[in-house]
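Here is what each chain is made of, one letter per residue.
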Amino acid sequence: MKNNFLIISGISGAGKTKVLNILEDFGFVCVDNLPFNFINDFIDLYKKDKKNYKNVAISIDIRAGKNILKIQTVINKLKKEKINGKILFLNANDMTILKRYSETRRKHPLALPVKEGLKKEREMLQQTKKLADIEIDTTNMPIGQLKNTLSNLIKVPQSQRELILTIMSFGFKFGIASEADIVFDARFVPNPNYVAELKNKTGKDKEVIKYIEKQKEYGKFFDRISRLLNCLLPSYLKEGKSQLTIAIGCTGGRHRSVATAEKLAEFFIKKKYKVNLYHRDIMRV
């Protein structure tokens, strides 16, 4: 991905904050509502320190007030410094914007009734819209499509578009894994905790793994959840997910869940996914 200096602008409620969040996930340094008087200094910093400011995005919109009419001066500064800056303009139709304001119950930045504020805002942003290199209409655009659109526009490498998996084990008696997107329950497997020679071992030990895998239903269980997840993950990525947490639980979080999480992590590493493995309760007693 080449150096990018993006100016994010557009209509309030059209998705500028979501765009900044996505760009942050891609490694951008993002500044929302940068005061207009600081923009030239920020451009100088970008030019001076390319190591820490390789890809940046700043939001300049109606919150700048009348200063937004000076957007051409920012373009001139970028050209003077020989920086290939681009303006990305976010838009949506009036009905969609009004609906989003109704759902969030936020006031309009111009401190006017939303309908009046939207009309005034469109007038004040006409010049910015004309200067924009790219316009994205988010009226009927799901977050996944927006993320893919941005990925293509700024030429994000495929490696940075991958879904990062966190696979964790936990014990139900210490509370469910509330951060998990998907939870599987391994408590149907006979508990190694009640086998004297396995009690003080964990799901990382060969003896425990052997005990668990010889249980009649375990093979079917693992085969089905691994196949299910392998089928679902591409769809999560398509819908804009960048991280997914999969949790495996057992009673104490030391034996069955640990062994299953370890095996599942190995399965997805072989599938070329980026995997973080975490055993929440393995040290508890």
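To be clear, the structure that these remarks concern was listed above.
Residues numbered from 1 in each chain as written. Predicted model: local features only at pLDDT ≥ 70, side-chain atom pairs only at ≥ 80, totals over all residues. Heavy atoms only, no water.

In this structure, the largest pocket spans a volume of roughly 720 Å³. Taken together, 27 residues form the lining of the largest pocket, with S12, G13, A14, T17 and R106 sitting closest to its centre. Breaking the lining of the largest pocket down by element, the ones donating at least two residues are α1 (16-25), α4 (94-104) and α7 (143-153). For the lining of the largest pocket, the residue count by class is 10 nonpolar, eight polar and nine charged. Put simply, the second largest pocket is a space of about 410 Å³. For the second largest pocket, the lining is made up of 21 residues, of which K2, N3, N4, N84 and K86 are closest to its centre. Of all the elements in the fold, those that place two or more residues in the lining of the second largest pocket are β1 (4-10), α2 (39-48), β4 (85-91) and α7. Classifying every residue of the lining of the second largest pocket gives 11 nonpolar, three polar and seven charged. (1 Å grid on protein atoms, 1.4 Å probe; cavity = no way out; pocket = protein on both sides within 12 Å on 5 of 7 lines; lining within 4 Å. Points joined across faces, edges and corners; volume = space filled by probe spheres on them. Helix = DSSP H or I, 4+ residues; strand = E, 2+ residues; numbered from the N terminus. Nonpolar A, V, L, I, M, F, W, Y, C, P; charged D, E, K, R; others polar.)

Moving on: the environment of H108. One can find H108 in the loop between α4 and α5 (114-124). Assessed through its relative accessible area of 2%, H108 is described here as buried. Residues H108 and S12 lie 96 residues apart in sequence; the distance between their C-alpha atoms is 7.7 Å. A distance of 3.4 Å separates a polar side-chain atom of H108 from the backbone oxygen of G117. At a separation of 2.9 Å, a polar atom in the side chain of H108 contacts the side chain of E121. (Buried < 20%, exposed > 50% of the residue type's maximum accessible area, 1.4 Å probe, protein only. Polar contact = N/O pair within 3.5 Å; in protein donor to acceptor, adjacent residues only side chain to side chain.)

Under the criterion given, the structure shown has nine aromatic pairs. Ring geometry for F222 versus F267: centroids 6.4 Å apart, planes at 85°, classification edge-to-face. Remark: F267 occurs in helix α10 (residues 256-270) and F222 occurs in helix α9 (residues 218-238); sequence separation between them is 45 residues. Taking 5.7 Å as the distance between ring centres and 85° as the angle between the ring planes, the aromatic pair formed by F268 and Y273 counts as edge-to-face. Among the residues examined, F268 registers a relative accessible area of 0% and is labelled buried. (Phe/Tyr/Trp six-rings, centres within 6.5 Å; stacked < 30°, edge-to-face > 60°.)

Moving on, we come to the side chain of D61. Within the element layout of this structure, D61 appears in the loop between β3 (55-59) and α3 (71-80). Side-chain polar atoms of D61 contact the side chain of S59, separated by 3.2 Å. A distance of 2.8 Å separates the side chain of D61 from the side chain of R63, its partner in a polar contact. Setting aside chain neighbours within four positions, we find D61 in contact with S9, G10, K16 and I68. (Contact = heavy atoms within 4.5 Å.)

Here we come to unusual backbone geometry. Phi angles above zero are rare outside glycine, and K82 is one such case at about 60°. Mapped onto the fold, K82 is located in the loop between α3 and β4. Overall, K82 belongs to the exposed group, its relative accessible area being 78%. A positive phi angle, near 75°, is found at K272, a position not held by glycine. Examined against the element boundaries, K272 turns out to sit in the loop between α10 and β9 (274-279). Overall, the relative accessible area of 67% leaves K272 in the exposed class.

With five of its seven residues buried, β4 lies for the most part within the structure. Sheet topology note: the β1/β4 ladder contains six bridges and is parallel. Across the sheet, I7 pairs through a bridge with I87, a residue of β4. (Pairing = 2+ DSSP bridges.)

Let us now look at the side chain of N4. Position of N4 among the secondary structure elements: in strand β1. The contact partners of N4, leaving out residues within four places of it in the chain, are F28, Y46, K54, N55, V56 and I154.

It is worth spelling out the sheet that holds strand β6 (residues 164-171) at this point. Read across the open sheet, the four strands follow the order β7-β8-β6-β9; overall the sheet is parallel. The open sheet has two free edges, formed respectively by β7 (182-185) and β9, since each of these has just one partner strand. Pairwise comparison of adjacent strand axes, ignoring direction, gives a mean angle of 20° for this sheet. Across eight bridges, the pairing between β6 and strand β8 (residues 243-250) is parallel. Paired with I167 across the bridge in β8 is I246. The strands touched by α9 within the sheet are β6, β7 and β8, with β7 carrying the most contacts at an inclination of about 175°. This element, α10, spans β6, β8 and β9 of the sheet and lies at about 170° to β6. (Axes fitted to C-alpha atoms, helices over the stretch in contact; angles between N-to-C directions.)

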